[in-house]
Amino acid sequence: AYDRGDYEWLLTEQMAMVNCHARAGDDRSALTQRVNVAFALMMMGAFEEAIEGLRQTEAECNRLGLLATALTARQNIGFALYSVGRLDEAEPIE
């Protein structure tokens, strides 16, 4: 889907993966997939929705001690903020 630029399909599949991992009690994988959901949203131009989801994901990752995924979410927040022209917020992150 990524190679084809089919971000709508990618979003649908990533959201399904979040739900599957969450139902299985696999928080780590669910949070990783939430970052992927936000990426698909960004590729579709839904930056504000992505920022909101990434902030929630980053907070949850920090709470659970999942630092690598928290940092990935944070980096994506910076990109999304930059993409919508919120440079003053993006600069300290990026």
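Residues numbered from 1 in each chain as written. Predicted model: local features only at pLDDT ≥ 70, side-chain atom pairs only at ≥ 80, totals over all residues. Heavy atoms only, no water.

Enquirer: Explain the nonpolar core to me, please; I cannot follow it from the model alone.
Expert: One recurring pattern in soluble globular proteins: nonpolar side chains tend to sit buried together. In terms of nonpolar packing, the biggest core is built from 20 residues, with Leu54 and Leu81 touching the most fellow members. For this core, the secondary structure elements donating two or more residues are helix 1 (7-23), helix 2 (27-43), helix 3 (47-64), helix 4 (67-83) and helix 5 (87-93). Residues in contact with Leu81, not counting those within four places in the same chain, are Ile51, Arg55, Arg86, Glu89, Ala90 and Ile93. (Core = buried A, V, L, I, M, F, W, Y, C linked by side-chain atoms within 4.5 Å. Buried < 20%, exposed > 50% of the residue type's maximum accessible area, 1.4 Å probe, protein only. Helix = DSSP H or I, 4+ residues; strand = E, 2+ residues; numbered from the N terminus. Contact = heavy atoms within 4.5 Å.)

Enquirer: Just to check I follow, could you spell out the pattern of salt bridges for this structure?
Expert: For side chains of opposite charge, pairing can occur when their charged atoms come near one another. Evaluated as defined, the whole model comprises five salt bridges. The partner of Arg63 in a salt bridge is Glu60, and the shortest N-O contact between them spans 2.6 Å. Of the two residues, Arg63 and Glu60 are both situated in helix 3; the distance of three residues between them amounts to about one turn of the helix. Here Arg63 falls in the exposed class, since its relative accessible area comes to 58%. With a relative accessible area of 26%, Glu60 lands in the partly exposed category. Salt-bridge contacts for Arg86 lead to Glu89; the nearest nitrogen and oxygen are separated by 2.8 Å. Taken together, the shared-partner salt bridges in this structure form one network comprising Glu48, Arg55, Arg86 and Glu89. (Salt bridge = Lys/Arg side-chain N within 4 Å of Asp/Glu carboxyl O.)

Enquirer: Help me out: how do you make sense of the side chain of Thr57 in this one?
Expert: If you trace the backbone, Thr57 turns up in helix 3. In this structure, Thr57 is in contact with Leu31, Arg34, Val35 and Ala73, ignoring residues within four places of it in sequence.

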